[in-house]
Amino acid sequence: MPAPPPPVLAPRRKTRQIKVGSVGVGSDSPISIQSMTTTPTTDINATLQQIAELATAGCDIVRVACPSADDAEALPIIAKKSPIPVIADIHFQPRYVYAAIDAGCAAVRVNPGNIRKFDDQVKEISKAAADAGVSIRIGVNAGSLDKRLLDKYGKPTAEALVESAVWEASLFEEHDFHDFKISVKHHDPVVMVKAYEMLAERGDWPLHLGVTEAGPAFQGTIKSATAFGALLAKGIGDTIRVSLSAPPVEEIKVGTQILQSLNLRPRKLEIVSCPSCGRAQVDVYTLADEVTEGLKHLTVPLRVAVMGCIVNGPGEAREADLGVASGNGKGQIFVKGEVIKTVPEELIVETLLAEANRIADEMGEN
Ligand code: SF4
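Residues numbered from 1 in each chain as written. Predicted model: local features only at pLDDT ≥ 70, side-chain atom pairs only at ≥ 80, totals over all residues. Heavy atoms only, no water.

## Section: the overall build of the protein chain
When you go through the protein chain residue by residue, the secondary structure sums to 12 helices and 15 strands. With respect to the principal axes defined by its C-alpha atoms, the protein chain has extents near 75 × 40 × 40 Å. Within the protein chain, residue pairs in contact and separated by at least 24 positions form 62% of the contacts whose partners lie at least 6 positions apart. If you sum the accessible surface of the protein chain, you get close to 16,800 Å²; carbon and sulfur atoms cover 54% of it. (Helix = DSSP H or I, 4+ residues; strand = E, 2+ residues; numbered from the N terminus. Contact = heavy atoms within 4.5 Å. Areas by Shrake-Rupley, 256 points an atom, 1.4 Å probe, with all protein chains shown as cover.)

This is how it looks when you write it as structure tokens:
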């Protein structure tokens, strides 16, 4: 009998289902991970190279900026050659929405707060998108909220973000266009979480989660993990983008780790390592780093315990697929709950890597 699926904190909120090219977005589909290229879109080769790296890292959907006519001209080749669906990110210029649709992009992100007379454009955009089978993201952002709402609320509050999103959604729906998802991004996780919670109550739209301008890698990782965790723990969120002031592949790594931590994506390599303390009899930090680095190529689910002493070491090592409980300059190596050997400290990493690769081979690692 197959193993039951691992437990999750809450069932997914039920949403309508949309497609971004081949990727389903909504509660019937796994939560997807997105990022955005940082290369000039006009540099087609560099952009495709970055998309390939993102796809290899586990990115499901990629967004590319389209700020000029030259960028729009690059879209057909990028959309055609990209291994994952491409979303064109449009601000200010509605004509690039049509260019992106014509270019074969899987979806278009529009920021209504940044498009003048957006209300007048919705009918045309809806028709063009529907005719081409292209979905849309209504991307409301605290930094570019509609002026009417800024005047009304004084600043981009959660209520203001939601009012903007609901209004814009109603415009598309009036024109019988329903293939859209929504984001209401704010740099403050508290405001962002409140906004998504409120929005989730207002309609069955799939939601794209993001803490916008979350900051450099460390701060942005914590902010995103905290905010996404709060929402995903309630079943809210259908696709995610971690925004970091760091190379986009880092965003994919963080997003993947968030989903894996919540059992929303199968776990792969998982290092269970102790924080070390005054009882540690080996250098746990170095051991954990070297094992993580040495096994980062693995794609099979494998839990490896790296523990500093015999207090919790044997227990954790026994529970893992593979582990070491260190003590007295030596390491007891466990495989599937059994001690298979004891090695001197200098051979712990080498032994763990060899055993991990052997187990991975048996599991069908390629
Ligand atoms: Fe300290 Fe041992 Fe626990 Fe590591 S396993 S934190 S060394 S008591």
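## Remarks on helix H8 (residues 217–232)
Its 16 residues give H8 an end-to-end C-alpha distance of 21 Å, which sits within 8% of 22 Å, the value for a rise of 1.5 Å per residue. Among the residues of H8, those classed as buried are Gly-220, Lys-223, Ser-224, Ala-227, Phe-228, Gly-229, Leu-231 and Leu-232. In this structure, the buried residues of H8 make contact with helix H7 (189–202), strand E9 (208–209), strand E10 (239–241) and helix H9 (248–261). (Expected span 1.5 Å × (residues − 1). Buried < 20%, exposed > 50% of the residue type's maximum accessible area, 1.4 Å probe, protein only.)

## Some words on the pairing of strand E5 (residues 86–90)
Among the five residues in E5, five count as buried, and that is most of the element. What you see with E5 is no split at all: Val-86, Ala-88 and Ile-90 on one side and Ile-87 and Asp-89 on the other are buried throughout. As paired elements, strand E4 (residues 61–65) and E5 share four bridges and run parallel to each other. Among the inter-strand pairings, Val-62 is bridged to a residue of E5, identified as Val-86. Since E4 and E5 lie parallel, the crossover through helix H2 (residues 69–81) that links them has a hand, and here it is right-handed. For E5 and strand E6 (residues 107–110), the ladder comprises four bridges, and the chain directions are parallel. Bridging across to E6, Ala-88 finds its partner in Val-108. (Pairing = 2+ DSSP bridges. Right-handed = clockwise from strand over helix to strand, strands pointing away.)

## Quick word on the pattern of salt bridges
Following the criterion strictly, the structure yields 21 salt bridges and no others. Arg-16 is the salt-bridge partner of Glu-173, the closest N and O atoms lying 2.8 Å from each other. Of this pair, Glu-173 sits in helix H6 (residues 158–174) while Arg-16 sits in the segment before strand E1 (18–20), and the two are 157 residues apart along the sequence. Classification of Glu-173 as partly exposed rests on a relative accessible area of 26%. (Salt bridge = Lys/Arg side-chain N within 4 Å of Asp/Glu carboxyl O.)

## Comments concerning the packing of helix H1 (residues 44–57) against H9
Orientation of H1 relative to H9, taken along the N-to-C sense of each, is 15°, at an axis distance of 9 Å. Between H1 and H9, the angle falls in the class roughly parallel. As H1 runs across H9, the sense of the crossing is right-handed. Where H1 abuts H9, its residues Gln-50, Glu-53, Leu-54 and Ala-57 lie against Pro-248, Val-249, Ile-252 and Thr-256. (Axes fitted to C-alpha atoms, helices over the stretch in contact; angles between N-to-C directions. Parallel < 35°, antiparallel > 145°, perpendicular 65-115°, else oblique. Left-handed = near helix turned anticlockwise from the far one by under 90°.)

## Quick notes on the sheet that holds E4
Whenever strands of a sheet pair, they do so through backbone hydrogen bonds, lying parallel or antiparallel. Within the open sheet, the eight strands sit side by side as E8-E7-E6-E5-E4-E3-E10-E9. Their pairing is parallel. The strands lining the two open edges of the sheet, one partner per strand, are strand E8 (180–185) and E9. As judged from the three bridges shared by strand E3 (residues 32–36) and E10, these two strands associate in the parallel manner. By the bridge assignment for E10, Ser-32 is matched with Thr-239. Seen against the sheet, H9 touches E3 and E10 and runs at an angle of roughly 160° to E3.

## A look at the UniProt feature "domain: IspG C-terminal" (unreviewed entry) in the protein chain
Look at the UniProt record and you will see "domain: IspG C-terminal" (unreviewed entry) annotated at residues 270–356. Helix makes up 32% of residues 270–356 and strand 33%. Its end C-alpha atoms lie 12 Å apart. (UniProt positions renumbered as here; feature names shortened; annotations may be inferred.)

## Overview of the nonpolar core
Of all hydrophobic cores here, the largest spans 75 residues; its most connected members are Ile-136, Phe-172, Phe-180, Ile-182, Met-192, Leu-199 and Phe-228. Tallying contributions element by element places H6 first for this core, with nine residues. Residue contacts for Phe-180: discarding those within four places in its chain leaves Arg-16, Ile-18, Ile-136, Ile-138, Ala-169, Phe-172, Glu-173, Trp-205 and Pro-206. Core analysis: the second largest hydrophobic core is formed by 28 residues, Val-272, Val-291, Leu-298 and Leu-302 among them. (Core = buried A, V, L, I, M, F, W, Y, C linked by side-chain atoms within 4.5 Å.)

## Describing the environment of Glu-73
When you line up the elements, Glu-73 lands in helix H2. Note on Glu-73: relative accessible area 63%, which makes it exposed. Sequence separation between Glu-73 and Glu-201 is 128 residues, and the spatial gap between their C-alpha atoms is 39 Å.

## So, the packing of aromatic side chains
Each pair of aromatic rings is reported with the distance of its centres and the angle of its planes. Tallied over the full model, the rule gives two aromatic pairs. Centre to centre, the rings of Phe-172 and Phe-177 are 5.8 Å apart; their planes meet at 50°, and the pair counts as tilted. A relative accessible area of 3% means that Phe-177 is categorised as buried. Ring geometry for Phe-172 and Phe-180: centres 5.8 Å apart, planes at 40°, overall tilted. Phe-180 carries the same exposure label as Phe-172, and that label is buried. A cation over an aromatic ring shows up here: Arg-16 above the ring of Phe-180, its NZ or CZ 5.3 Å from the ring centre. (Phe/Tyr/Trp six-rings, centres within 6.5 Å; stacked < 30°, edge-to-face > 60°. Lys NZ or Arg CZ within 6 Å of the ring centre and 35° of its normal.)

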